[in-house]
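Per-entry structural report
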Amino acid sequence: MYTSLLKMSDLNRDELFSLLDLASKLKNDRRLGVPHPLLAGKTLGMIFRKSSTRTRVSFETGMYQLGGYALFLSSADLQIGRGEPVEDTARVLGRYLDGIMIRTFAQEEVEQLALHSGLPVINGLTDYAHPCQVLADLMTIREYKGGFDGRKLCYIGDGNNMCNSLIVGCLTAGMDVAIAVPEKYRPAEDVLEFAKSYDSKFIMTEDPFKAAEKADVLYTDVWASMGMEEESEQRRRDFKGYQINREIEAVAAKDVIVQHCLPAHREEEITADVFERHANEIFDEAENRLHAQKAVMATLMK
Ligand code: CP
Ligand code: NVA
């Protein structure tokens, strides 16, 4: 049983499906106007070392809808930003809060926070992983495709935090996964090791067209993630061709959906044309961050 959500592999298949089911129930409750104050009296601290629109707003709003309270803690204002060790910050926050969400650079920092705070910790994005996004993605895929078995997700672009978490999450859910990444930008070694046990359900190639063949879901993310801004020029050259466009769409399944974690850079990883034609799917995906994270908080913090 997991006590924190630090990366996708913290969840087994049953735990993953329980979270998705709860997320769908909470979404439906809200449509019907049924309140669900599952975390009344509880407080979530949200530490941010990087920018955010979706993660910040969906966690804060989600906590409010669950009857609890959320504190926005920018690292620029915390003593952690002036060098107070994470172990000390963790031991202090552990005495005030009921849970912590953190967005930072190093995965190790998230692990340390969980170890020393004694609280449920939720990874709101590190350089290595973005599990909350993938829960919302899987929720959206299930809404559009009705299930996961036999469905294929194709990811085109950087072997980054999104790619790492999608590989683990989609394989765990039962999907086939094909990724097209340049040799220099492959996903993390431990993720590739995880994927090995799924044999032919996983392929990695440098050819976006091969990866996209008959895909039910096309997924991409920015070429230069937060913290890599100075590499943008180099990456624009290295990722040329790793784009979701009309030609890629043409080799995918006829009823393909397109997903993007956002923010998107039009005409880099995705054309404006494809983005706008699939905007409903992409913004449903963004909405599902709220429902999926409420399920995570309600499960870990109650
Ligand atoms: N997708 C995502 O995590 O968005 P934000 O960076 O706006 O939180
Ligand atoms: N890979 C991107 C995801 C943003 C949600 C980043 O880390 O900046």
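This write-up is about the structure you can find in this document.

Calculation criteria
- Residues numbered from 1 in each chain as written.
- Chains lettered and ligands numbered in written order.
- Predicted model: local features only at pLDDT ≥ 70, side-chain atom pairs only at ≥ 80, totals over all residues.
- Heavy atoms only, no water.
- Axes fitted to C-alpha atoms, helices over the stretch in contact; angles between N-to-C directions.
- Helix = DSSP H or I, 4+ residues; strand = E, 2+ residues; numbered from the N terminus.
- Parallel < 35°, antiparallel > 145°, perpendicular 65-115°, else oblique.
- Contact = heavy atoms within 4.5 Å.
- Nonpolar A, V, L, I, M, F, W, Y, C, P; charged D, E, K, R; others polar.
- Near = heavy atom within 4 Å.
- Polar contact = N/O pair within 3.5 Å; in protein donor to acceptor, adjacent residues only side chain to side chain.
- Areas by Shrake-Rupley, 256 points an atom, 1.4 Å probe, with all protein chains shown as cover.
- Phe/Tyr/Trp six-rings, centres within 6.5 Å; stacked < 30°, edge-to-face > 60°.
- Buried < 20%, exposed > 50% of the residue type's maximum accessible area, 1.4 Å probe, protein only.
- Lys NZ or Arg CZ within 6 Å of the ring centre and 35° of its normal.
- Pairing = 2+ DSSP bridges.
- Disulfide = S-S within 2.5 Å.
- Core = buried A, V, L, I, M, F, W, Y, C linked by side-chain atoms within 4.5 Å.

Attention now moves to the packing of helix α1 (residues 13-32) against helix α6 (residues 161-173). For the pair α1 and α6, interaxial distance at closest approach is 9 Å and the crossing angle is 95 degrees. In this view, α1 runs roughly perpendicular relative to α6, as classed from their interaxial angle. Of α6, the residues touching α1 (which contributes Arg13, Leu16 and Phe17) are Gly169, Thr172 and Ala173. A class-by-class count of the residues in the contact of α1 with α6 yields three nonpolar, two polar and one charged.

Another aspect to go through is the site of ligand 2. Surveying the vicinity of ligand 2 reveals the residues Leu125, His130, Asn160, Asn161, Asp221, Val222, Ser225, Met226 and Leu262. Between ligand 2 and Ser225 there is a distance of 2.7 Å, counted from a nitrogen atom to a side-chain nitrogen or oxygen. Within the backbone of Met226, a nitrogen or oxygen atom sits 2.8 Å from an oxygen atom of ligand 2. Alone, ligand 2 offers 270 Å² of accessible surface; in the complex the protein occludes 94% of this.

Take the packing of aromatic side chains next. Overall, the coordinates contain eight aromatic pairs when judged by the stated rule. Here Tyr185 and Phe239 contribute two aromatic rings whose centre-to-centre distance is 4.5 Å and whose plane-to-plane angle is 40 degrees, an arrangement assigned as tilted. A residue pair is termed long-range when its members are at least 10 positions apart, and Tyr185 in the loop between β6 (176-180) and α7 (189-196) and Phe239 in the loop between α9 (232-238) and α10 (246-251) qualify at 54 residues. The pair Tyr185 / Phe239 is uniform in exposure class, with both members buried. A cation over an aromatic ring shows up here: Arg56 above the ring of Phe72, its NZ or CZ 3.8 Å from the ring centre. Lying across the ring of Phe275, Arg266 places its NZ or CZ 4.1 Å from the centre.

Neighbouring residues of ligand 1: Ser52, Thr53, Arg54, Thr55, Arg103, His130, Gln133, Cys261, Leu262 and Arg289. Take Arg103: an N or O atom from its side chain is 2.8 Å from an oxygen atom of ligand 1. The contact in question runs from a nitrogen atom of ligand 1 to an N or O atom on the side chain of Gln133, over 3.0 Å. Across the shell around ligand 1, the residue classes break down as two nonpolar, five polar and three charged.

A sheet is described by the order of its strands in space; here four strands give the open sequence β2-β1-β3-β4, paired in parallel fashion. Two strands close off the open sheet at either side, each with one partner strand: β2 (69-74) and β4 (121-123). Adjacent strand axes in the sheet meet at a mean angle of 20 degrees, parallel and antiparallel pairs treated alike. Of the pairings in the sheet, the one linking strand β1 (residues 43-48) to β2 comprises six bridges and is parallel in character. Along β2, the bridge assignment pairs Met46 with Phe72.

Let's shift gears to the state of the cysteines. Going through the model one piece at a time under the given rule, you end up with zero disulfides. The thiol of Cys261 is not disulfide-bonded; the next cysteine sulfur, from Cys163, is found 11 Å away. Judged by relative accessible area, Cys261 falls into the buried class, the value being 6%.

This part covers the sheet that holds strand β5 (residues 152-156). The strand order across the open sheet formed by five strands is β7-β6-β5-β8-β9, and the pairing between neighbours is parallel. The sheet is open, and its two borders are formed by β7 (202-205) and β9 (257-260), each paired with just one other strand. On average, adjacent strands in this sheet sit at an angle of 20 degrees to one another, irrespective of strand direction. Two strands pair when backbone bridges link them, and β5 and strand β8 (residues 217-220) are joined in this way by four bridges, in the parallel orientation. When the sheet's bridge partners are listed, Ile156 is paired in β8 with Thr220.

Turning our attention to the nonpolar core. In this structure, Leu135, Leu138, Leu153, Ile167 and Met297 are the most contacted members of the largest nonpolar core, which totals 58 residues. At eight residues, α6 tops the list of elements feeding residues into this core. Once residues within four sequence positions are removed from consideration, Leu153 is found in contact with Ile141, Leu166, Cys170, Met175, Asp176, Val177, Ala178, Val217 and Tyr219. Grouped together as the second largest cluster of nonpolar side chains are 23 residues, Ile156, Ala215, Val258 and Phe275 included.

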